[in-house]
Amino acid sequence: MFSRLRVFVFVFIITLLSGCTLKFAYNQLEWLIPWYLEDFIEFEGGQIELFDSQLDDYLSWHRHQALPEYANFLERLSELSSQSWNPQNQVFEPFSRAKLLDLERQLNLLLSQTVSPLVQPSVVLIRQLSTGQIEQIRQGFTKSNKKFSGRFEGKPEVEIREERAQKVTDLFENFLGELNEQQQQSIAKWQKAYIPMEDVLLSTRQRWQTKFLEVLTFAPQMTDEVLSNKLTHLYTQGESYRLPEHQLIYDANKQEFFKLIQAIQSNSSHIQYEYLQEELSEYQQDLTELAQRVEPEPMFEF
């Protein structure tokens, strides 16, 4: 609502941090999202009831409409991986750059489809905000940005690269299992080419936040249509807030990461291929089951 609420990404973050299952984490969104927003705003009067109603409607839509699309994407990814595995030579033929770009396009489309339904509820809620609450959001952004910058300010670039390389290693191992020596060397090579961009991310989010606060401030003077259009752009076109020089860094890192994916694939074993297919299948099954369930599972049931 008050930022680019990337629900699915948020679920995976909670999942990775807590060690809980995807299904468990997803079923806690009803209280996790309000808890998260407490850092940004204190609801007044009947706003909490309005927010709860809007959130319930959105989560119901997301469960029954968005999750099947995520499952379909994983099915396509599994089929693409199967087509790229050469059983005769026991090698994985890496995805072409065109295939990687198409996968990125599909993911961006899923993200857009996920956040677009938040626009109209946001219009309703924003109409209820007071000047004081907008100031709370501004202060919340400042606090969040300070916390974010504190994770990298003063750190030498070599340390930032090492931390990023570890996260990338964890990502690949989540889907392939233990990496072999050649794959580890590929990550070491990528680590040297990676351009630290934490300050780029901070700059981009600050520019987005400034625009969002501007929209909140002048919302009373806008028609619902104008406000909806501005929110749609904010929710779905976050990359437009990158500075040109920052876009160059982003593009360079994306190119290097594509090359890393291809290198990891080229050195994947049959065991890793089977591990990948099993992981994709399990995620797909979890998403399908979540989409079909009417009532969430009880909290804290692992």
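Draft legend 1. Fine view of the overall build of the protein chain. Per the secondary structure count, the protein chain includes 13 helices and two strands. Going through the 302 residues of the protein chain one by one, you find that 42% of them count as buried. Put simply, of all contacts in the protein chain between residues at least 6 apart along the chain, 81% involve residues at least 24 apart. With an accessible surface of roughly 16600 Å², the protein chain has 53% of that area assigned to carbon and sulfur atoms.

Draft legend 2. View of helix 8 (residues 157-176). Between its terminal C-alpha atoms helix 8 stretches 28 Å, which fits the 28 Å expected from 20 residues at 1.5 Å a residue. When helix 8 is considered as a whole, its buried residues turn out to be Ile160, Ala165, Val168, Thr169, Phe172 and Leu176. Close packing links the buried residues of helix 8 with helix 9 (181-193), helix 10 (198-218), helix 12 (244-266) and helix 13 (270-292). Of the residues trailing helix 8, Gly177 is marked for its positive phi of about 85 degrees.

Draft legend 3. Fine view of unusual backbone geometry. Its identity as a non-glycine residue notwithstanding, Gln90 has a phi of 55 degrees, on the positive side. You can call Gln90 partly exposed: its relative accessible area is 40%.

Draft legend 4. Quick look at the packing of helix 8 against helix 12. Two elements in contact, helix 8 and helix 12, have axes separated by 13 Å at closest approach and are oriented at 40 degrees. Here helix 8 is positioned oblique relative to helix 12, judged by the angle of their axes. Here helix 8 runs over helix 12; the crossing is right-handed. Residues Val168, Leu171, Phe172 and Leu176 of helix 8 pack against Phe257, Leu260, Ile261 and Ile264 of helix 12. Along the lines of polarity and charge, the residues of the contact of helix 8 with helix 12 split into eight nonpolar, no polar and no charged.

Draft legend 5. Structural detail: the confidence of the model for the protein chain. Overall, the predicted model of the protein chain reaches an average pLDDT of 85, with 84% of residues at or above 70. Per-element mean pLDDT across the protein chain ranges from 42 in helix 1 (residues 7-18) up to 97 in helix 9. In this model residues 1-19 is a low-confidence stretch, pLDDT under 50, and it forms 44 contacts with partners more than four residues away in sequence or in other chains. Ignoring residues within four places in sequence, the model shows residues 296-302, a span with pLDDT below 50, making 13 contacts including any to other chains.

Draft legend 6. How the structure looks around a negative patch on the surface. Together, Glu49, Asp52, Asp56 and Asp57 give the surface a local cluster of negative charge. On the secondary structure map, Glu49 appears in helix 4 (residues 47-84).

Draft legend 7. Expanded view of the environment of Tyr194. Secondary-structure assignment places Tyr194 in the loop between helix 9 and helix 10. Spatially, the C-alpha atom of Tyr194 lies 9.4 Å from that of Ile249, the residues being 55 residues apart in sequence. Sequence-distant contacts of Tyr194, defined by excluding residues within four places in its chain, comprise Arg161, Arg164 and Asn253.

Here is what the cut-offs are and how they apply
Residues numbered from 1 in each chain as written. Predicted model: local features only at pLDDT ≥ 70, side-chain atom pairs only at ≥ 80, totals over all residues. Heavy atoms only, no water. Helix = DSSP H or I, 4+ residues; strand = E, 2+ residues; numbered from the N terminus. Buried < 20%, exposed > 50% of the residue type's maximum accessible area, 1.4 Å probe, protein only. Contact = heavy atoms within 4.5 Å. Areas by Shrake-Rupley, 256 points an atom, 1.4 Å probe, with all protein chains shown as cover. Expected span 1.5 Å × (residues − 1). Axes fitted to C-alpha atoms, helices over the stretch in contact; angles between N-to-C directions. Parallel < 35°, antiparallel > 145°, perpendicular 65-115°, else oblique. Left-handed = near helix turned anticlockwise from the far one by under 90°. Nonpolar A, V, L, I, M, F, W, Y, C, P; charged D, E, K, R; others polar. pLDDT = per-residue confidence, 0-100. Patch = residues over 30% accessible without salt bridge, like charges linked within 9 Å, V, L, I, M, F, W, Y side chains within 5 Å. Salt bridge = Lys/Arg side-chain N within 4 Å of Asp/Glu carboxyl O. Lys, Arg positive; Asp, Glu negative; His and termini not counted. Charge placed at Lys NZ, Arg CZ, Asp CG, Glu CD.

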